[in-house]
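# Tertiary structure, described
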Amino acid sequence: RLGAFRFLLVGAPGYFQVQGTPLNASDLSNHDCLLYRVPSTGKLERWPLPDKAHNGAHDLRAVLVWNNIDMLFNAAIEGRGIACLPEFAVKEALESGALKAVLTQEVTRTIHFSVLWPPNRFITPKLRCFVDFISLHM
């Protein structure tokens, strides 16, 4: 197992200045939400919040829906609403202040990932480079 990444609810600081910052998951029903549609199933991805928040995609006020996280990211940067995105995809925007994470204590989803290769004593230089890169950036 190489590591894990978590999901974050993010929006532009300007969005939160105008709309206010949600204080709990239930507050999301009063916010513009940017949702992800899973291409293979056509279903809206459920946000990783506690069940008590009734956070199914149908409970969120969807203003935009895409099947591409780059589009969700760009819409969030532009202040169009709150998006649920993997932390690695928004890390630089969070560090620069272009995005702000909210409800970080309530988000419950973390994905673990592993890299597997056939067992032998030697790892090819290409594979070693890939594993090192993924470990560093994820």
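This text follows the structure it describes.
In this text, all values refer to a predicted model and were calculated from it rather than measured experimentally.

Reading guide: rules and limits
- Counting restarts for each chain: residues are numbered from 1 in the order of the written sequence.
- Since the coordinates come from a predicted model, pLDDT governs what is reported: local features require at least 70, and pairs of side-chain atoms require 80 or more to be given and counted, while whole-chain, interface and lining totals use all residues.
- Excluding hydrogens and water, the side-chain figures rest on all heavy atoms present in the structure.
- Whether a residue is buried, partly exposed or exposed follows from its accessible area with a 1.4 Å probe, protein chains only, as a fraction of its type maximum: under 20%, in between, or over 50%, in that order.
- By definition, any uninterrupted DSSP run of H or I lasting at least four residues is a helix, any uninterrupted run of E lasting at least two residues is a strand, and each is numbered from the N terminus.
- Paired strands, in this sense, are two strands between which DSSP finds at least two bridges.
- An axis is simply a line fitted to the C-alpha atoms; with a helix, the fit covers only the stretch in contact. Between two such axes, the angle follows the N-to-C directions and lies from 0 to 180 degrees.
- By the definition adopted for this analysis, an angle is roughly parallel if under 35 degrees, roughly antiparallel if over 145, roughly perpendicular if from 65 to 115, and oblique otherwise.
- Should the near helix be turned anticlockwise from the far one by less than a right angle, the crossing is termed left-handed; should it be turned clockwise, right-handed.
- Residues are treated as being in contact if the distance between any of their heavy atoms lies within 4.5 Å.
- Put simply, Ala, Val, Leu, Ile, Met, Phe, Trp, Tyr, Cys and Pro go in the nonpolar bin, Asp, Glu, Lys and Arg in the charged bin, and everything else, Gly too, in the polar bin.
- To be clear, the arc concerns the directions from the helix axis to the C-beta atoms.
- Two rings from Phe, Tyr or Trp (for Trp, the six-membered ring) form a pair when their centres sit within 6.5 Å of each other. Planes less than 30 degrees apart are called stacked, planes more than 60 degrees apart edge-to-face, and all others tilted.

### Concerning the pairing of strand 2 (residues 32–36)
A regular strand places its side chains on the two faces of the sheet in alternate fashion. Most of strand 2 is tucked away: five of the five residues are buried. Burial of strand 2 is two-sided: the residues D32, L34 and Y36 facing one way and the residues C33 and L35 facing the other way are all buried. Pairing of strand 2 with strand 3 (residues 61–66), which is carried by five bridges, proceeds in the parallel orientation. When the bridges of strand 3 are listed, L34 appears paired with L64.

### So, the packing of helix 2 (residues 69–77) against helix 3 (residues 87–96)
Contact geometry of helix 2 with helix 3 gives a least axis separation of 11 Å together with a crossing angle of 25°. With respect to helix 3, the axis of helix 2 lies roughly parallel. Considering the relative orientation of helix 2 and helix 3, their crossing is right-handed. Together, I69, F73 and I77 of helix 2 and A89, V90 and A93 of helix 3 make up the contact between the two elements. Residues of the contact of helix 2 with helix 3, tallied by class, amount to six nonpolar, no polar and no charged.

### Some words on helix 2
Residues of helix 2 that are buried include every one of L72, A75 and A76, and no others. Angular distribution of buried residues about the axis of helix 2 spans 100°; they occupy a single face of the element. G79 sits one or two positions beyond helix 2 and adopts a positive phi of about 85°.

### Let's talk about the packing of aromatic side chains
Tallying each qualifying case throughout the model produces one aromatic pair. Measuring from centroid to centroid gives 5.4 Å for Y15 and F16, while their planes differ by 80°, and the two rings are edge-to-face. Pair check on accessibility: Y15 and F16 agree, each one buried.

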